[in-house]
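Reading the structure
The lines below spell out each chain.
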Amino acid sequence: MAAKGSAYYITTPIYYVNDRPHIGHAYTTLACDVLARFMRLAGRDVKFLTGTDEHGQKVETSAQAAGMDTQTFTDRVSQNFRDLSAALNFSNDDFIRTTEPRHTRACQALWEKLLENGQIYLGSYAGWYAVRDEAFYTETELTTGPGGKKIAPSGAEVEWLEEPSYFFRLSAWQDKLLAFYQANPDFVGPDTRRNEVISFVKGGLKDLSVSRTTFKWGVPVPNDPEHIMYVWFDALINYITAAGFPDTESAGFTTYWPADMHMVGKDILRFHAVYWPAFLMGAGVAPPKRVYAHGWWTNEGQKISKSLGNVIDPHALVAEYGLDQVRYFLLREVPFGNDGDFSHRAMVGRMNNDLANDFGNLAQRSLSMIAKNCAGSLPTPGAFTEADEALLDAARTLQARLSAEYAAQAFHRALEATWEVISAANRYIDEQAPWALRKSDPPRMGTVLYVVAETLRHLAILAQPVMPAAMDRMLDQLGVPAGARDFAALPNALTPGTALPKPQGIFPRYVETEGAET
Ligand code: ME8
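Residues numbered from 1 in each chain as written. Predicted model: local features only at pLDDT ≥ 70, side-chain atom pairs only at ≥ 80, totals over all residues. Heavy atoms only, no water.

Segmenting the chain into domains produces domain 1 (7-295) and domain 2 (344-489). When domain 1 packs against domain 2, the two sides together hide about 1,200 Å² of surface, and 77% of this comes from carbon and sulfur. The three residues of domain 1 that bury the most area against domain 2 are Val34, Phe38 and Leu41, which together make up 55% of that side's buried surface. Scanning the region where domain 1 abuts domain 2 turns up 0 salt bridges. Among the elements that take part in the side of domain 1 that touches domain 2, helix 1 (residues 23-41) stands out by supplying 6 residues, more than any other. Its residues placed into classes, the side of domain 1 that touches domain 2 shows 9 nonpolar, 1 polar and 2 charged. (Domains from an automatic or database assignment. Buried area = accessible area lost by both parts, 1.4 Å probe. Salt bridge = Lys/Arg side-chain N within 4 Å of Asp/Glu carboxyl O. Helix = DSSP H or I, 4+ residues; strand = E, 2+ residues; numbered from the N terminus. Nonpolar A, V, L, I, M, F, W, Y, C, P; charged D, E, K, R; others polar.)

Strand 2 (residues 45-53) sits mainly inside the fold: 9 of its 9 residues count as buried. Inspection of the sheet shows strand 1 (residues 7-16) paired to strand 2 by 8 bridges, in the parallel sense. By the bridge assignment for strand 2, Tyr9 is matched with Lys47. Read as a crossover between parallel neighbours, the route from strand 1 over helix 1 to strand 2 is right-handed. In terms of strand pairing, strand 2 meets strand 3 (residues 94-97) through 4 bridges, oriented parallel. Directly across from Gly51, in strand 3, lies its bridge partner Ile96. (Buried < 20%, exposed > 50% of the residue type's maximum accessible area, 1.4 Å probe, protein only. Pairing = 2+ DSSP bridges. Right-handed = clockwise from strand over helix to strand, strands pointing away.)

Within the fold, Pro465 resides in the loop between helix 18 (442-463) and helix 19 (468-477). The buried category is assigned to Pro465, whose relative accessible area is 0%. The spatial distance from the C-alpha of Pro465 to the C-alpha of Met39 is 9.0 Å, given a sequence separation of 426 residues. Excluding anything up to four places from it in sequence, Pro465 contacts Val34, Arg37, Phe38, Leu41 and Arg327. (Contact = heavy atoms within 4.5 Å.)

Okay, the sheet that holds strand 5 (residues 135-137) next. In spatial order, the strands read 5-4-8-10; together these 4 strands make up an open sheet with antiparallel pairing. With one partner strand each, in any of the chains shown, strand 5 and strand 10 (208-209) form the two edges of the open sheet. As paired elements, strand 4 (residues 120-130) and strand 5 share 3 bridges and run antiparallel to each other. Across the sheet, the residue bridging to Tyr129 is Phe136, located in strand 5.

At their nearest, the axes of helix 14 (residues 386-396) and helix 18 sit 9 Å apart, and the two run at 10° to each other. With respect to helix 18, the axis of helix 14 lies roughly parallel. Residues Asp388, Leu391, Leu392, Ala395 and Arg396 of helix 14 form the contact with helix 18, whose own contacting residues are Arg444, Thr447, Val451, Glu454, Thr455 and His458. Split by residue class, the contact of helix 14 with helix 18 holds 4 nonpolar, 3 polar and 4 charged. (Axes fitted to C-alpha atoms, helices over the stretch in contact; angles between N-to-C directions. Parallel < 35°, antiparallel > 145°, perpendicular 65-115°, else oblique.)

Next up on the list: the nonpolar core. Ranked by internal contacts, the top residues of the largest apolar core, which has 98 residues, are Tyr321, Phe342, Phe359, Tyr406, Met467, Met471 and Met474. For this core, the leading source of residues is helix 18, giving 13 residues. Setting aside residues up to four positions removed in sequence, Phe359 forms contacts with Asp354, Trp419, Ile422, Leu456, Leu459, Met467, Met471, Met474 and Phe507. Grouped together as the second largest cluster of nonpolar side chains are 76 residues, Ile14, Trp128, Ala152 and Leu205 included. (Core = buried A, V, L, I, M, F, W, Y, C linked by side-chain atoms within 4.5 Å.)

We now examine the sheet that holds strand 14 (residues 291-294). Taken in spatial order, the 6 strands make up an open sheet running 3-2-1-13-14-9, and their pairing is parallel. Sheet topology places strand 3 and strand 9 (188-189) at the edges, where each strand pairs with a single neighbour. Bridge count between strand 1 and strand 13 (residues 261-265): 2 bridges; the pairing is parallel. Opposite Thr11, over in strand 13, you have His262 as the bridge partner.

The next subject is the side chain of Ser165. With respect to the element layout, Ser165 can be found in strand 8 (residues 159-168). Judged by its relative accessible area of 0%, Ser165 falls in the buried class. Within the structure, the side chain of Ser165 is placed 3.2 Å from the backbone oxygen of Ser211, a separation counted as a polar contact. (Polar contact = N/O pair within 3.5 Å; in protein donor to acceptor, adjacent residues only side chain to side chain.)

Our focus in this paragraph is the site of the ligand. Lining the immediate environment of the ligand, one finds 22 residues, of which Ile14, Tyr16, Thr28, Asp53 and Asp267 sit closest. Separating an oxygen atom of the ligand from a side-chain N or O atom of Thr28 is a distance of 2.6 Å. When contributions to the shell around the ligand are tallied by element, the ones reaching two or more residues are strand 1, helix 1, helix 7 (231-236) and helix 8 (238-241). A total of 4 residues in the shell around the ligand trace back to one element, the largest contributor, which is strand 1. In the shell around the ligand, the residues fall into 11 nonpolar, 9 polar and 2 charged. (Near = heavy atom within 4 Å.)

Packing of helix 1 against helix 15 (residues 398-407) brings their axes to within 11 Å, and their N-to-C directions diverge by 140°. Here helix 1 is positioned oblique relative to helix 15, judged by the angle of their axes. Here the hand of the crossing between helix 1 and helix 15 comes out left-handed. In this structure, helix 1 uses Val34, Leu35 and Phe38 to contact helix 15, whose residues at the interface are Leu402, Ser403 and Tyr406. (Left-handed = near helix turned anticlockwise from the far one by under 90°.)

If you want it as structure tokens, here you go:
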């Protein structure tokens, strides 16, 4: 077996167990899944982590509202996130829950390290707190909402809090963080978000309250069990727990830490790009290499919220449109990093135009011609013409283009580049008209069909990260053995004479039922 390639450690946020998973959670994990799959196919030694954030006031309150014991409640909701992974074909290698003993151990070890380094001190907190965001706010950040209620920039209501608390000396990290961003220009993506982070830090940092005493649902502070750790302090540590912390000499830690990528939504960038590297550097642990904050989904133009009743259930989407269709849509429709809107019309447009007409039809028409006219086996090509070489060349250079786009998390551009080759192949068939060659020049027809099949092989191998099941079926139909589907196998052209199974449509069209909106 070939030696494993260099490590690639990618993480999703760990999701609060106060809610059912929705399209937003599915989106972040999908982006990570695609990167993880791409890196695995490229030979990297991938560790892909997701999981659930189970402590804090919000979860405790939700459990009470559900009339359930908090642990039983978290067990149930956490399972919903595991079920999401299965339903969306996510290939995570680990699933962490912050209520696991491995995590308590890591949190307490990091705490002790920070205490030892003089980064944590005991004081008392008096200020505003939003349970929905599990975040502290200063007076100047707040606005006054209906009924005189104080509102955080996120729209969450805040409450006044006064309690003894441990603090992390964040104020001492301003210059060190700015120097860190300067030395690591790729630490935050996209660039616009990086500028936001830098100006936030330049605005000054206050020490951060990192423990609570008014409720119990959290990791106990070592040697002071009246305190539990602030849920964000606990949550961020999951990324090192799963790499084996505090066993920093362990193979897991030395191989995978620092993480290559923390993928997050734009709402939680500050925690990942400001607090987290400061906690780690304060404890003498290397910060992650990159944090990417993607945009926000709305539903038919409206903010997605439980109170509006417009939460999009990913299971329902998959049932309606098909799994790989949904995976494709989410990454193709919106430039990654920007906000996006889900609409039935846009989804059906992508499904019918890009998938059924462009890609599906390319495979269907060429494979059916091979089935009918070449006795169901791959034809033997003759000498290649300039047009043949041009198409094959576009297919052969696609991997390098995609590698560059995925390295910049530009999923939409990776898919655009893929569709350029699909369009070129469709134009090639139209121009070469193999159906007309059937009588006039059967060997040339064989060459044309071989060139298209070989182009399809590249496309199918390279589109696996986004549409794993559909591309598996396409590779089956092209007679590509299971062991020859990674990027190392891209140069191994199809073997003429290989018997192919009967072609079957891969991307069905969406047919509107009467009364459905269009
Ligand atoms: O913040 N559009 O968990 P959370 C796009 N536990 N992405 C969305 C979205 C939307 N409309 N809604 C949610 C937490 N997301 C913490 C994280 S990490 C150490 C702790 C995605 O359950 C997006 O990734 O509120 C966002 O950052 C995340 O879900 C928030 O999930």
